[in-house]
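Close look at the chain arrangement
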Amino acid sequence: MAQSAEHVLDHFELFRGPEYQQMLAKKKAFENPRDPAEVERVKEWTKTPEYREKNFAREALTINPAKACQPLGAVFASVGFEGTLPFVHGSQGCVAYYRSHLSRHFKEPSSCVSSSMTEDAAVFGGLNNMVDGLANSYNMYKPKMIAVSTTCMAEVIGDDLNAFIKTSKEKGAVPADFDVPFAHTPAFVGSHITGYDNALKGILEHFWDGKAGTAPKLERKPNDKVNFIGGFDGYTVGNLREIKRILELMGVEYTILADNSEVFDTPTDGEFRMYDGGTTLDEAANAVHAKGTISMQQWSTEKTLPFIADHGQDVLAFNYPMGVSATDDFLMALSLLSGKGIPEELARERGRLVDAMTDSSAHIHGKKFAIYGDPDLCYGLAAFLLELGAEPIHVLSTNGNKAWEEKTKALLAGSTFGQDCNVYPGRDLWHMRSLLFTEPVDYLIGNTYGKYLERDTGTPLIRIGFPVFDRHHHHRSPVWGYQGGMNVLVKILDKIFDEIDKKTSLLGKTDYSFDIIR
Amino acid sequence: MSLVTTQSAAEIRARNKELIEETLKVYPEKTAKRRAKHLNVHESGKSDCGVKSNLKSIPGVMTIRGCAYAGSKGVVWGPIKDMVHISHGPVGCGQYSWGSRRNYYVGTTGIDTFVTLQLTSDFQEKDIVFGGDKKLIKLIDEIQELFPLNNGITIQSECPIGLIGDDIEAVSRAKSNEYDGKTIVPVRCEGFRGVSQSLGHHIANDAVRDWIFDKNGPDSKPEFESTPYDVAIIGDYNIGGDAWSSRILLEEMGLRVIAQWSGDGSLAELEATPKAKLNILHCYRSMNYISRHMEEKFGIPWCEYNFFGPSKIAESLRKIASFFDDKIKEGAERVIEKYQPLVNAVIAKYRPRLQGKTVMLFVGGLRPRHVIGAYEDLGMEVIGTGYEFGHNDDYQRTAQHYVKDSTLIYDDLNGYEFERFVEKLQPDLVGSGIKEKYVFQKMGVPFRQMHSWDYSGPYHGYDGFAIFARDMDMAVNSPIWKKVKAPWKDVPKPKLLAAE
Ligand code: SF4
Ligand code: SF4
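First things first, this report covers the structure right here in the doc.

About the thresholds
Residues numbered from 1 in each chain as written. Chains lettered and ligands numbered in written order. Predicted model: local features only at pLDDT ≥ 70, side-chain atom pairs only at ≥ 80, totals over all residues. Heavy atoms only, no water. Salt bridge = Lys/Arg side-chain N within 4 Å of Asp/Glu carboxyl O. Helix = DSSP H or I, 4+ residues; strand = E, 2+ residues; numbered from the N terminus. Buried < 20%, exposed > 50% of the residue type's maximum accessible area, 1.4 Å probe, protein only. Contact = heavy atoms within 4.5 Å. Buried area = accessible area lost by both parts, 1.4 Å probe. Polar contact = N/O pair within 3.5 Å; in protein donor to acceptor, adjacent residues only side chain to side chain. Nonpolar A, V, L, I, M, F, W, Y, C, P; charged D, E, K, R; others polar. Pairing = 2+ DSSP bridges. Axes fitted to C-alpha atoms, helices over the stretch in contact; angles between N-to-C directions.

**Details of the pattern of salt bridges**
Pairs can form between side chains of opposite charge whenever their charged atoms are close. Residue and element names in this part refer to chain B. Evaluated as defined, the whole model comprises 75 salt bridges over all chains. For the salt bridge of Arg397 with Glu304, the shortest nitrogen-to-oxygen distance reads 2.7 Å. Here Glu304 lies in strand 9 (residues 302–304) and Arg397 lies in helix 17 (residues 392–401), a separation of 93 residues in the sequence. On the basis of relative accessibility, which here comes to 17%, the residue Arg397 falls in the buried class. What makes Glu304 buried here is its relative accessible area of 16%. Across the salt bridge formed by Lys312 and Glu315, the nearest N and O atoms sit 3.5 Å from each other. Highlighted residues: Lys312 and Glu315, both in helix 13 (residues 310–321), separated by 3 residues, approximately one helical turn. The exposure class of Lys312 is buried, given its relative accessible area of 14%.

**Re the interface of chain B and chain A**
Of the residues lining the interface, 119 residues belong to chain B; the matching set on chain A comes to 102 residues. The junction of chain B with chain A conceals about 9,300 Å² of combined surface from both sides, 63% of it contributed by carbon and sulfur atoms. Ranking the residues of chain B by area buried against chain A places Met62, Tyr96 and Lys442 of chain B at the top, with a combined share of 10%. Linking chain B with chain A are 12 salt bridges, by the criterion used here. Here Lys81 of chain B makes a salt bridge to Glu31 of chain A, at a shortest N to O gap of 3.0 Å. Here chain B and chain A share 44 residue pairs in polar contact (both at pLDDT 80 or more) between them. Residues of the side of chain B that touches chain A, tallied by class, amount to 56 nonpolar, 35 polar and 28 charged. Bridging between strand 1 (residues 62–63) of chain A and strand 3 (residues 119–120) of chain B involves 2 bridges; their strand directions are antiparallel. Bridge assignment links Thr62 of chain A to a residue of strand 3 of chain B, and that residue is Thr120 of chain B.

**Notes on the sheet that holds strand 12 (residues 443–446) of chain A**
All names here are of chain A. Spatial ordering of the open sheet is given by 11-10-9-12-13, a layout of 5 strands whose pairing is parallel. The open sheet has two free edges, formed respectively by strand 11 (422–425) and strand 13 (461–463), since each of these has just one partner strand. Each strand axis lies, on average, 20° off the axis of its neighbour in the sheet, ignoring direction. As defined by bridge partners, strand 12 adjoins strand 13 across 3 bridges and the pair is classed as parallel. In the strand pairing of strand 13, Gly446 is matched with Arg463. Against the sheet, helix 17 (residues 375–387) engages strand 9 (368–372), strand 10 (391–397) and strand 12, with an angle of about 175° to strand 10. In the packing of helix 19 (residues 429–438) onto the sheet, contacts are made with strand 9, strand 10, strand 11 and strand 12, and the angle to strand 10 comes to roughly 155°.

See below:
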């Protein structure tokens, strides 16, 4: 027996001992296992161009997609408003999933309620669930606002949120003037970034356009403020804080819409904060008067931005700006919009990033990368890699659309380093597996699920994306701004150096290159 | 040290009753009435815990429960490693449950095993409007093409399937015929069915009965010689390797495990189970249905067991052995004896550090009762427990074999109630799920996830007990808990519902 009280063996050690290995070998006999040679043959076959062709011919089956469903994004956006409880109308299992998913990434509580619809609601509709649910949530969790979205179930049976909320108020579930914005978020359309977009638009529409017919529409009186939207972002905590710092350095008056940077980073000090920080409801309403709105993610705000533009604001969308030029463009646009100059402090930060890039570029230049993730993130990362002289080879986004494909292709075409790169909208990580086998690269950038690709293909994974479950705390550091660029650079470099060390650490074999200085 | 140890049982009972009353005040009247039936203080001697269970969750309260799909795909079917499990419907359900449950298995993933793949039909609007059967047909062909070594396919229905009138049974039959009788199992585990994961377990059990047992017929031969000592492990999902650290004990006592349900399990093992001489059942909640079925149909007895903590392990080994001859009975004694030094060492090391510490639990199928013995082996006391999706038979077992007088019992607990209870009772440890973990840690209360073992485990068996003890000690006695209050703010004030 290997286990002991002095040195407790964990699962990754315990089962390697001979007792367990013998036991597992005996178990095999009952599994009717495939012939190991056959397993080996098929394994090798899955690495071939022939398999790749079959894999890419798939029409019905999705394997390991890099996207989630709409309501997740709706919940993510909703908690960015002060005292706001997300309320997802439909079956309850989905809500358990969104909460778990967000908690696993941020290592934070994630509060959200469901209207717990069951079979009878499928037949009669979910009105009673909405009425009771709103009343309970309101009494128990004392929110300032309840933001409603929907699961598949409510969408398939066609529940009408606007009417249901109206009826709920008539029945006294919540006070008539209590804010209950809503958004239909069918999971069979788009992805979590669509849900973010719909929910944010729903909330702004609520405040700006007369609260579903219960208040006069706001009349826009333009002021000097700038609205800022981050989009669905796993680095929201670090990024929004960095953006605030930049805006304050520049002296820009701003409103961050859906500011969930506090609620996803609450302190451990004896108190559980179900709500924390967030865009105040007044700010949300007054955001209509802003001069303009900047979105950091075009494809997270495809509906919200036009909606804001219709209210007379200048709007501007970026694609997850990362690195030097993208940050330059962002700052200059911000300066133009706000009329504020870019302070020397930021110029120095820029200089430091360029400095770091020159120091390290020799290790990144010419390295081949595969990238996957949300469409804007992919675009931003690709742009940064090009600046570093790295060569993106595969850029894949399961929730990327045609427009994304074209825009990303144009970006790549504009650089000597992007000439060998292909862009894959709507593909999944099993497609990526074939790509990595048939057209190998040096490094892969993606979320936690990329570790399966790393295991199968041996391509080292640099974890940037959402979700990241198996590494801690990276969401607390920004990847935007020059300082964020620095963080990304270091992340990439660390992996590169670790890999070189790994390849050169065999005593007496490869360790002549096990250098002390790199 | 928590409050309870200084109080008499009567005082505790009164306090807990009052706490329930207080907590119910927040609700609108109708809700308060419904919730009151799910909360109670246990009285010893009673045959159950005095709570209603397996009823619909109340809208808007932040129930901790999941859905039938989670019960079927996530719990029962998902771990069967050599079958491909399709999350049939839109992308979300499969995405959120992808790889998160830690059902360990051995195999070449993507080639002959598929547990940590997320395969979905990723429904789009047109599939909802025109139905998804055509897509499903094509999808099965694509699985056959890309994963030729799969031993079977299951179709795990998400909410829309049952609402749009798809006939996944017809598709399954047709495709099975087309592929020479291949095992293709449609599972009607749409998330809106039932009130929790629980109905999903039941539906999944029934699918095994209808689409695997009935398909093979009672006379299908196992591919091995039967022995009088063949048993099947039922209801162990091999979280962090639980089934392995259990199996090793059974084999050491002379039994032969012919099937694992379902952690690290395979289709062949499911098919062979009717040949077992005894089904041994760990998670009663999720697999009692199929055990009862096998008893009725094949005459296989079943017995519940508990492999958490040395007291219950020894009791269970003897109970299992009682179904067999002296050779096995002696084997059980030999195993108990073999591990006694380990048990002694673990208890000697950790019990002094954990003695008298109090625990509140809120988990799923069997753990709200099964782990109590393990805590008690370490000198800890469970002062509150409840089930996310238990039924009355769970509460009966809990009352009759596990909880002490005056234990606070809560069924289908929600976020609000859980916070109030913990705030008031100030346990030294809370054991629940990922959604609860950070809430309590923020409050400065040590916490362990008791679904995923907080990425540790195994906790089953003697080897697992060492890890369990180490983990509980590490949670309760972490030096970090002393840092929660900033020193300049650390003015002692009674925390007891002080806010109210
Ligand atoms: S895909 Fe639909 S049923 Fe699944 S989690 Fe998303 S909303 Fe829920
Ligand atoms: S013990 Fe719990 S978490 Fe485990 S399977 Fe049974 S029901 Fe689920």
